[in-house]
Amino acid sequence: MPTSMRVMELVRFGAAEAAFAARELPRSTPGPGQVLVRVLATSVNPLDLQTRRGDYRDQVTLPAVIGNDVSGVVAGTGPGADDFRPGDEVWYLAPIFAGPGTYAEFHVVDQALVARKPARLSHVEAAGLALVGATAWEALVERAGIRAGERVLVHGGAGGVGSAAIQVAGALGAEVVTTARARDHEFVTGLGAGLAIDFSAGDYVPRVRALGRVDVVLDTVGGDTLARSPEVLTDRGRVVSIVDTPEPQNLLAAWGVNATYHFLFVSPGRAKLTALGQLVDRGELRPDIGAVLPLADIARAHTLLEGGSAGEGRGRPRGKIALAVHPLDEPSGGQLSCGTAGSGVRAG
């Protein structure tokens, strides 16, 4: 096994094209209760963009390896790490701001955070699902405590967390309403949303109220969308937001329906991934991968996620942007890669 590893290191805050540098670093070594994972795929999330821009510079000391999604193969174990053996295929969400990230060929993690990769997912698909799936599960199940028969409103249903949340809520027996741009309505209804509302066409509140009140709102948008959410809630409804927003909220309306608010910064854990894997195995959850690039193209991946040009007339792809780390999963030529039918993988 090599003693060094290739990483894409964040060397300065700011624009993507000048932020990263390829480096060779000593390969990580697992300590007690830890596993060493050969990273086959990771992905890019909005959190990565915020970190690169410097929004969390108090938590990140440069140079730094960032990234949080992993799908790969166990390459070694530390003392007392008996849950896995070399060769096991695994996936996980790495701790956020708590050590080196996943833009690297190898990564060390506590075995308690690691789960066995669902057989129905490729490594690219698993890497694209870990953070967004865990966020959706924690928001809906651990915070909101959704129950079968309840109505859930998912703001931003075509995004990474939103698309996972639609599927998780539906699998748990909830009725799902979502907001999304008109061009994405076929996509979100295909995931299980019973109604899609075009949030760019005006006020969503009357459309939701026409259905009756909702029990749970999952907000991935923030701002006025979050502020008006209590206006559609039933009594003792719950709001979960994953957006770091400084704007004052509509607390009077929330008070009027005895609403409960949760502001979520997802935490990693095996239990979430195991539950998500069961949904995958039953065919009730699939990731949506929009593009696959090699790790060396990390700046391009960040630019894509920010909505920049992908070349050849393409705009930002819908779905997660995954990074193939080792040649086993890398597309040839560093181009955007399409997957097979039914995989949810597309190039834009």
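Rules and cut-offs
- Each residue is numbered by its place in its chain's sequence as written, counting from 1.
- Reporting in this predicted model follows two pLDDT cut-offs: at least 70 for local features of residues, and 80 or more for side-chain atom pairs to be given and counted; totals over whole chains, interfaces and linings ignore these cut-offs and use all residues.
- Remark: hydrogens and water are excluded; side-chain values derive from all non-hydrogen atoms of the structure.
- In plain words, nonpolar cores are sets of buried Ala, Val, Leu, Ile, Met, Phe, Trp, Tyr and Cys residues tied together by side-chain atoms within 4.5 Å.
- Accessible area is worked out with a 1.4 Å probe on protein chains only. A residue is then buried under 20% of its type maximum, exposed over 50%, and partly exposed in between.
- Under the DSSP-based scheme used, a helix requires at least four consecutive residues in state H or I and a strand at least two consecutive residues in state E, with every element numbered from the N terminus.
- Two residues qualify as a contact provided that any one of their heavy atoms is within 4.5 Å of a heavy atom in the partner residue.
- Within this analysis, the arc is defined by the directions that extend from the helix axis to the C-beta atoms.
- A pairing counts as a salt bridge when a side-chain nitrogen of Lys or Arg comes within 4 Å of a carboxyl oxygen of Asp or Glu.
- Pairs of N or O atoms within 3.5 Å make up the polar contacts considered here, provided that, within protein, one atom can donate a hydrogen while the other can accept it, and that residues adjacent in sequence are counted only when both atoms are side-chain atoms.
- Strand pairing is assigned whenever DSSP detects at least two bridges linking the two strands.
- Convention adopted: a line fitted to C-alpha atoms gives each axis, helices being fitted over their contacting stretch, and angles between N-to-C directions are expressed from 0 to 180 degrees.

1. Examining the nonpolar core
In this structure, Tyr-103 and Leu-140 are the most contacted members of the largest nonpolar core, which totals 85 residues. By residue number, the principal contributor to this core is helix α2 (residues 123-143), which donates 10 residues. Setting aside its immediate chain neighbours within four residues, Leu-140 contacts Gly-145, Ile-146, Val-152, Ala-165, Val-168, Ala-169, Val-216 and Leu-218. Listed in part, the 13 residues of the second largest apolar core include Leu-153, Val-205, Val-232 and Val-257.

2. Things to note about helix α9 (residues 298-305)
All of the buried residues along α9 are Ile-298, Ala-301, His-302, Leu-304 and Leu-305. An end-on view of α9 places all buried positions within 160° of arc, on one side of the element. Packed against the buried residues of α9 are β1 (4-10), β2 (20-26), β3 (34-44), α1 (46-53), β14 (289-294) and β15 (320-324). Immediately downstream of α9, the backbone of Gly-307 shows phi near 100°, a positive value.

3. What to know about unusual backbone geometry
Here the amide bond leading from Leu-62 into Pro-63 is cis, since omega sits at -5°, within 30 degrees of zero. Inspection of the secondary structure puts Pro-63 in the loop between α1 and β4 (69-77). Unusually for a residue other than glycine, Phe-97 sits at a positive phi of about 60°. With relative accessibility at 31%, the residue Phe-97 sits in the partly exposed group. In this structure, Arg-236 takes a positive phi of about 60° despite not being glycine.

4. Let's talk about the pattern of salt bridges
Summed over all chains, the structure comprises 20 salt bridges. For Glu-105, the salt bridge is made with Arg-6, and the minimal N-O distance between the two is 3.6 Å. Of the two residues, Glu-105 is situated in the loop between β5 (89-93) and β6 (106-110) and Arg-6 in strand β1; the sequence distance between them amounts to 99 residues. Overall, Glu-105 belongs to the buried group, its relative accessible area being 15%.

5. Examining the side chain of Ser-241
Relative to the helices and strands, Ser-241 resides in strand β12 (residues 233-241). A polar atom in the side chain of Ser-241 sits 3.2 Å from the backbone nitrogen of Val-243. Not counting the four nearest positions on each side in its chain, Ser-241 is found in contact with Asp-219, Leu-226, His-262, Phe-263 and Leu-264.

6. Quick word on the sheet that holds strand β9 (residues 175-179)
Adjacent strands of a sheet pair through backbone hydrogen bonds, lying either parallel or antiparallel. One open sheet holds the six strands; their spatial order is β10-β9-β8-β11-β12-β13, and the pairing between them is parallel. Taken across any chain shown, the strands that pair with only one partner, and hence form the sheet edges, are β10 (195-197) and β13 (260-263). Across the sheet, the mean angle separating the axes of adjacent strands is 15° when strand polarity is ignored. As defined by bridge partners, strand β8 (residues 151-155) adjoins strand β11 (residues 214-219) across three bridges and the pair is classed as parallel. Along β11, the bridge assignment pairs Leu-153 with Val-217. Here α2 sits on the sheet and contacts β8, β11, β12 and β13; the angle it forms with β11, its principal contact strand, is near 150°. Sheet strands touched by helix α3 (residues 160-171): β8, β9 and β11. Its angle to β9, the strand with the most contacts, is close to 165°.

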